[in-house]
Amino acid sequence: MGPKAKKSARKKKITKAERLKQLQEEEERRQKEEEEARVKHEKEEMERVERQRIEREKWHQLEAKDLERRNEELEELYLLEECFPEAEKLKRDARLLSQWNHYIQCDGSPDPSVSPEINTFISLWKEETNETLEEVIAKSKLVLNLIEKLRLLLLQTPSYDLEDKTIIQYRGSILELQELLHLKFNVATERLLRQASTLADLDSGNMEKVIQDENVALYVWANLKKNPRYRSVRFSETQIRFEIPRILATSGIAIRLLHTHYDHATPLRPVSASLQGHTATVTHFVKDEVQKGEAEISKELQEEYKQQECESVSVCEEETKVEEQGDIEVQMILKEGLQKYAYPPESTEDFETENAFPPIEVTLEVQENVIFFEDPMVARWDAEGKHWQTDGISNVLYQSEERLITFSLETFGPVTLIQDTHINMPFQSWELRPLDVNKVLLTVTTVFTEIQIQIKENLCMLASVKVGNKKHSSTLEGRWMTPISFILALKETGLNIFPTGHSHFYVVINHKEPLVEIKAYRQLALLSSAFAFGWSKWNVECSSKKVIVKLREHLTEEEPVQDPNWTLLMFSGDRAQRLKINENSETFSEALKEETEFHSTLYHLVKDFASKEAMEKIRSSKCQFIDSVCYMLLSTRLLSYS
């Protein structure tokens, strides 16, 4: 056998000297890399420090420049904001002119603001005792109009023009008119029931009467036959019905449903601080009183709300809004006159069964002009506690398509349909866009609805309402009203987008300092004839002392484009700047946009990049228009409630 093959040559061993040399080279390379990294870091740090120094120097220069021209800019802004006291003067003249026009018309109706006239009207009406229900309902139009005029006088007249005795006089007249109107309905109902037998239906033998107008619907049913099998009462040509128990079916009683489009049960609240506060803010910023006026509004918006403790079944007025109201009564005619039938009576010992007085099932029609975004709650009026409460009501069924609501009622009395006052707050977004000269469109989008409001001169109008992406027809569309009247009308139809001074207790909001908000709304109103403004998601990210809105020049009436080129503005009340970020940026930054400067007002900020045509439209805007836009912005508080 031949010799074995030699093993493959082993790997050459590295000598100690070579190993040391290799380590030395690696160490030198590491030190070189570290040195290069150190030099690079020092260079970058020096560059960063230099950039910061340059930016800081530039920032200080911009601040100094802003400070240098601040007085000049504020003086110019003050001259522009002279439109607010001028608008208030025009409103005051309009109130005086209205009184004079009423005086020279001589149409026989009283001026509710003149105490002798309204007192004479009330006294003369009290003396009229033989009116029919038709005559009372016809007269109620005038009475409700007088009540509405007094309410508006209390809300629209600035606090410095309203004396305490005048407020007491107006409120007293409202209460007297409300009480007298209700008394007249009772007296006329008694007169009708005294001749019920002559009006009896040939088929049922009972009497039925239905009278309707735009403010009141009256339904009266008299049980003349006392047939125990006739326990279902339905008014002809309506869906309104009652299921009455045997005890009522065999009694000489009458049922009256007074379905009103107004609320005269809830006690009058004090003159609204929020509405009057807005008026004072917009119109009373005389230069020497700026600090005083702003402090008053700040206090009003920030005051602590001392909420009264309510029983678990009671309805707190701030949380809910009365939308529908009806007074359901069972009545009997005795020798003393018309008397309410107590159901159930105070003592039930004389009755054989425990369930002799079961709940009465009631079905009512819901007004077409009222919007409920969720199934409404049914509440009854507690006359002793002077509030609405939900006990004593069961088996509530709301049919939204048919607009019918059915419920069981343990006792008779005023009932109402209510929903959460703040159901549409906070808002999801908003936009203010010019339409024409002295005319803008305000769009507010909530979880449930999109509301579009047109504003021109001293008037507002509901342009459209969408509920669930479907257009909703409203009786308010196309009707121009003053801002306060418009706000009240919207609330009455269930479209409440107007926070009160206490709404932040019920809604999670993006709180902003009141003074910053007020200044922003005033300046946005000044610019609204030539610029469109909108909600920005970054408004939530900045501090409470700053607000952010998006802006673009808008001079024509074309439809809004899908992705307009918006500019972001940040405003702190005394400094305005354009932001480097846009609405689609990933992170928030307050960095100043390149090649722009600070200004003390939004007006002077947009002046840097606005066209001559835009600035001309701004300067030629009418004072009443600017005042109305500002009032609506203050009333909705879009910067805090979006």
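Residues numbered from 1 in each chain as written. Predicted model: local features only at pLDDT ≥ 70, side-chain atom pairs only at ≥ 80, totals over all residues. Heavy atoms only, no water.

This part takes up unusual backbone geometry. Cis geometry is found at the peptide bond from M425 to P426, where omega equals -5 degrees. Of note, K226 is a non-glycine position whose phi angle comes to about 55 degrees, a positive value. Looking at the element boundaries, K226 is found in the loop between β2 (216–222) and β3 (232–234). Exposure remark for K226: the relative accessible area of 42% places this residue in the partly exposed category. (Helix = DSSP H or I, 4+ residues; strand = E, 2+ residues; numbered from the N terminus. Buried < 20%, exposed > 50% of the residue type's maximum accessible area, 1.4 Å probe, protein only.)

Turning our attention to the sheet that holds β3. Ordered in space as β3-β4-β8-β12-β11, the five strands form an open sheet in which the pairing is antiparallel. The open sheet terminates on both sides in strands that have one partner only, identified here as β3 and β11 (393–399). Going across the sheet, the axis of each strand differs from the next one's by a mean of 10 degrees, ignoring polarity. As paired strands, β3 and strand β4 (residues 241–243) are joined by three bridges and run antiparallel to one another. Note on β4: the bridge partner recorded for S232 is E243. (Pairing = 2+ DSSP bridges. Axes fitted to C-alpha atoms, helices over the stretch in contact; angles between N-to-C directions.)

Burial along strand β19 (residues 531–534) is two-sided: the residues F531 and F533 and A532 and G534 are all buried. Bridge count for strand β14 (residues 429–436) against β19 is two bridges, and the pairing is antiparallel. Bridge pairing links L432 to F533 in β19. As paired elements, β19 and strand β20 (residues 547–553) share four bridges and run antiparallel to each other. By the bridge assignment for β20, G534 is matched with K550.

Attention now goes to the pattern of salt bridges. By the definition in use, this model includes 31 salt bridges. With its nearest N and O atoms 2.6 Å apart, the salt bridge here joins R30 to E34. Here the residue R30 and the residue E34 both occupy positions in helix α1 (residues 16–80), the gap between them amounting to four residues, near one helical turn. We classify E34 as partly exposed; its relative accessible area is 46%. The residue R38 makes a salt bridge to E35 at a minimum N-O spacing of 2.3 Å. Of this pair, R38 and E35 are both found in helix α1, three residues apart, which corresponds to roughly one turn of the helix. (Salt bridge = Lys/Arg side-chain N within 4 Å of Asp/Glu carboxyl O.)

Counting 71 residues, the largest nonpolar core has I453 and F531 as the members making the most contacts within it. Among the elements that make up this core, the one with the highest residue count is helix α13 (residues 623–636) (nine residues). For I453, the contacting residues outside a window of four places in its chain are V440, L441, L442, C460, M461, A463, F486, L490, I497 and M632. (Core = buried A, V, L, I, M, F, W, Y, C linked by side-chain atoms within 4.5 Å. Contact = heavy atoms within 4.5 Å.)

Our focus in this paragraph is the packing of helix α10 (residues 514–527) against α13. Orientation of α10 relative to α13, taken along the N-to-C sense of each, is 140 degrees, at an axis distance of 8 Å. The orientation of α10 with respect to α13, classified from their angle, is oblique. Remark: the crossing between α10 and α13 carries right-handed chirality. Taken together, the residues of α13 that come into contact with α10 (itself represented by I518, Y521, R522, L524, A525 and L526) are I626, V629, C630, L633 and L634. When grouped by side-chain class, the residues that make up the contact of α10 with α13 number 10 nonpolar, no polar and one charged. (Parallel < 35°, antiparallel > 145°, perpendicular 65-115°, else oblique. Left-handed = near helix turned anticlockwise from the far one by under 90°. Nonpolar A, V, L, I, M, F, W, Y, C, P; charged D, E, K, R; others polar.)

Take the pairing of strand β21 (residues 567–571) next. Counting buried positions along β21 yields five of five residues, so the element is predominantly enclosed. Of the two faces of β21, the one holding T567, L569 and F571 and the one holding L568 and M570 are both buried throughout. Bridge count for β20 against β21 is five bridges, and the pairing is antiparallel. Each bridged residue has a counterpart across the sheet, and for I548 the counterpart in β21 is M570. Note that β21 and strand β22 (residues 576–578) share three bridges and pair antiparallel. Following the sheet pairing, F571 is matched in β22 by A576. What sits between the antiparallel neighbours β21 and β22 is a turn of four residues, in which G573 has the positive phi angle 100 degrees.

Attention now moves to the sheet that holds β19. Pairing is antiparallel in the open sheet, where nine strands are placed in the order β18-β17-β16-β15-β14-β19-β20-β21-β22. The two strands at the open ends of the sheet, each matched to only one other strand, are β18 (470–472) and β22. For this sheet, the mean angle separating the axes of adjacent strands, direction not counted, is 25 degrees. In this fold helix α9 (residues 483–492) packs onto β16 (449–456) and β17 (459–467), with an angle of close to 25 degrees to the strand it touches most, β17.

Moving on: the packing of aromatic side chains. Enumeration according to the criterion identifies eight aromatic pairs in this entry. Sitting over the ring of W566, R552 keeps its end group 5.2 Å from the ring centre. The ring of F598 is capped by R575, whose NZ or CZ atom sits 4.5 Å from the centre of that ring. (Phe/Tyr/Trp six-rings, centres within 6.5 Å; stacked < 30°, edge-to-face > 60°. Lys NZ or Arg CZ within 6 Å of the ring centre and 35° of its normal.)

As a further point, take the environment of L144. Positionally, L144 belongs in helix α4 (residues 133–156). Using a relative accessible area of 14% as the deciding quantity, one classes L144 as buried. With 37 residues separating them along the chain, L144 and L181 place their C-alpha atoms 9.0 Å apart. Dropping the residues within four chain positions of it, L144 is found in contact with L181, N215, Y262 and H264.

As a further point, take a nonpolar patch on the surface. Taken together, the side chains of L97, W100, Y103 and I104 make up a nonpolar region of the molecular surface, amounting to roughly 470 Å² of accessible area. By secondary structure assignment, the location of I104 is in helix α2 (residues 83–105). (Patch = residues over 30% accessible without salt bridge, like charges linked within 9 Å, V, L, I, M, F, W, Y side chains within 5 Å. Areas by Shrake-Rupley, 256 points an atom, 1.4 Å probe, with all protein chains shown as cover.)

Among the structural elements, R433 can be located in strand β14. For the pair R433 and L555, spaced 122 residues apart in the sequence, the C-alpha separation amounts to 9.6 Å.

This part is about the packing of α4 against α9. Across the interface, α4 lies against α9 with an axial gap of 10 Å and an inter-helix angle of 120 degrees. Relative to α9, the element α4 lies oblique. Regarding α4 and α9, the two cross each other, and that crossing is right-handed. Residues E148, R151, L152, L155 and Q156 of α4 form the contact with α9, whose participating residues are I484, S485, L488 and E492.

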